[in-house]
Amino acid sequence: MRQVIAGNWKMQGRLADISAYAADLKAATPSAMLLVCPPFLLVDRFAAALLGSAVALGGQDCHWAAQGAHTGDISAPMLAEAGASHVILGHSERRADHAESNAIVRAKAQAAIAAGLTAIICVGETEAERDAGEAADIVKTQLRHSLPDGFAGLIAYEPVWAIGTGRTPGTEEIATMHATIRAAVVAQLGESGRALPILYGGSVKPDNAAAILVLPEVGGALVGGASLKAADFLAIAACARHD
Ligand code: PEP
């Protein structure tokens, strides 16, 4: 299966950044699938700029309702209409900044699926949880309560302490957690759980991507800071495994 290299622009990037970035991505021929998740307002402009390319677009969140009185929110059908095929859900910054529980993430995933979007559900432990030896249990609990029945999207393992810090777990630790996640999703979803891509996220850069993307059960990367520059994002994509 092709690895997925997903860029999460977070609340960064302006209209003026799109055309050069999109042109660089369109000119590239990576073996990996590329996915860019810009701020909501840029999704439809990005879709126009990427027209004719295989680069996919995603949102960074969606509401659990398709429409209604939810000031400031964006629904999954709106994202789909703007040109997104994917949506990131349960990112640790959403869980922390907006008190998103596993149940909320699950409801959002159901809304995304109903709108025809592919959900990328993020899980990961904090540093305190890791230091307490609770990382695997925390991640398994997040999976159990965040994934809808029959989930067929993607999972991103993102240790909270590795996001935006320049720190990453050791490669053996990443491999061990990905094996734990695989076993948990197979137990939860049955055989279909074997096909779910499990991305790693947290300070993936051009200089560490190859060592991470080669690991078993790593189905790609969710990239924050290093996705903002097309050259860095493409350098990471160039490290993707050719299965
Ligand atoms: C992220 O926001 O999902 C992320 C992994 O960020 P960074 O790559 O900057 O650590």
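Everything below is about the structure printed above this text.
All values reported here derive from a predicted model rather than from experimental measurement.

I'd love a proper account of the nonpolar core, names of residues and values included.
I5, L25, V36, F46, L143, I155 and I181 are the most contacted members of the largest nonpolar core, which has 61 residues in total. No other element matches helix α8 (residues 171–189), which puts six residues into this core. Apart from residues lying up to four places away in sequence, V36 is in contact with G7, W9, Y21, L25, F46, V55, A56, L57, G58 and F233. Among the nonpolar cores identified, the runner-up in size contains 13 residues, and V4, A6, C37 and I88 belong to it.

Help me get a handle on helix α5 (residues 102–114), residues and values and all.
The end-to-end C-alpha distance of α5 is 18 Å, a good match for the 18 Å that 13 residues give at a rise of 1.5 Å each. Turning to α5, its buried residues number three or more, namely N102, V105, K108, A109, A111 and A112. Each element contacted by the buried residues of α5 is listed here: α3 (76–82), β4 (86–89), α4 (92–97), β5 (118–123) and α7 (135–146). The positive-phi residue at the C-terminal boundary of α5 is G116, with phi of around 85 degrees.

Break down the site of the ligand for me, citing the residues and quoting the values.
The immediate surroundings of the ligand are formed by 14 residues, with K10, E158, G164, S203 and G224 found nearest. Backbone polar atom of S203 to an oxygen atom of the ligand: 2.8 Å apart, as the coordinates give it. Residues of the shell around the ligand, tallied by class, amount to four nonpolar, eight polar and two charged.

Could you give an account of the sheet that holds β5, naming the residues involved and the relevant values?
Strand order in this closed barrel of eight strands is β1-β2-β3-β4-β5-β6-β7-β8, and the pairing throughout is parallel. Strand after strand, the sheet turns through a mean of 25 degrees between neighbouring axes, direction not considered. The sheet contact formed by strand β7 (residues 198–201) and strand β8 (residues 220–223) spans three bridges and is parallel. Residue pairing across strands places G201 opposite L222, the latter belonging to β8. Where α5 meets the sheet, its contacts fall on β4 and β5, and the angle it forms with β4 comes to roughly 175 degrees. Its contacts with the sheet place α8 against β5, β6 (154–157) and β7, and it is angled at close to 145 degrees to β7.

Calculation rules
- Residues numbered from 1 in each chain as written.
- Predicted model: local features only at pLDDT ≥ 70, side-chain atom pairs only at ≥ 80, totals over all residues.
- Heavy atoms only, no water.
- Core = buried A, V, L, I, M, F, W, Y, C linked by side-chain atoms within 4.5 Å.
- Buried < 20%, exposed > 50% of the residue type's maximum accessible area, 1.4 Å probe, protein only.
- Helix = DSSP H or I, 4+ residues; strand = E, 2+ residues; numbered from the N terminus.
- Contact = heavy atoms within 4.5 Å.
- Expected span 1.5 Å × (residues − 1).
- Near = heavy atom within 4 Å.
- Polar contact = N/O pair within 3.5 Å; in protein donor to acceptor, adjacent residues only side chain to side chain.
- Nonpolar A, V, L, I, M, F, W, Y, C, P; charged D, E, K, R; others polar.
- Pairing = 2+ DSSP bridges.
- Axes fitted to C-alpha atoms, helices over the stretch in contact; angles between N-to-C directions.

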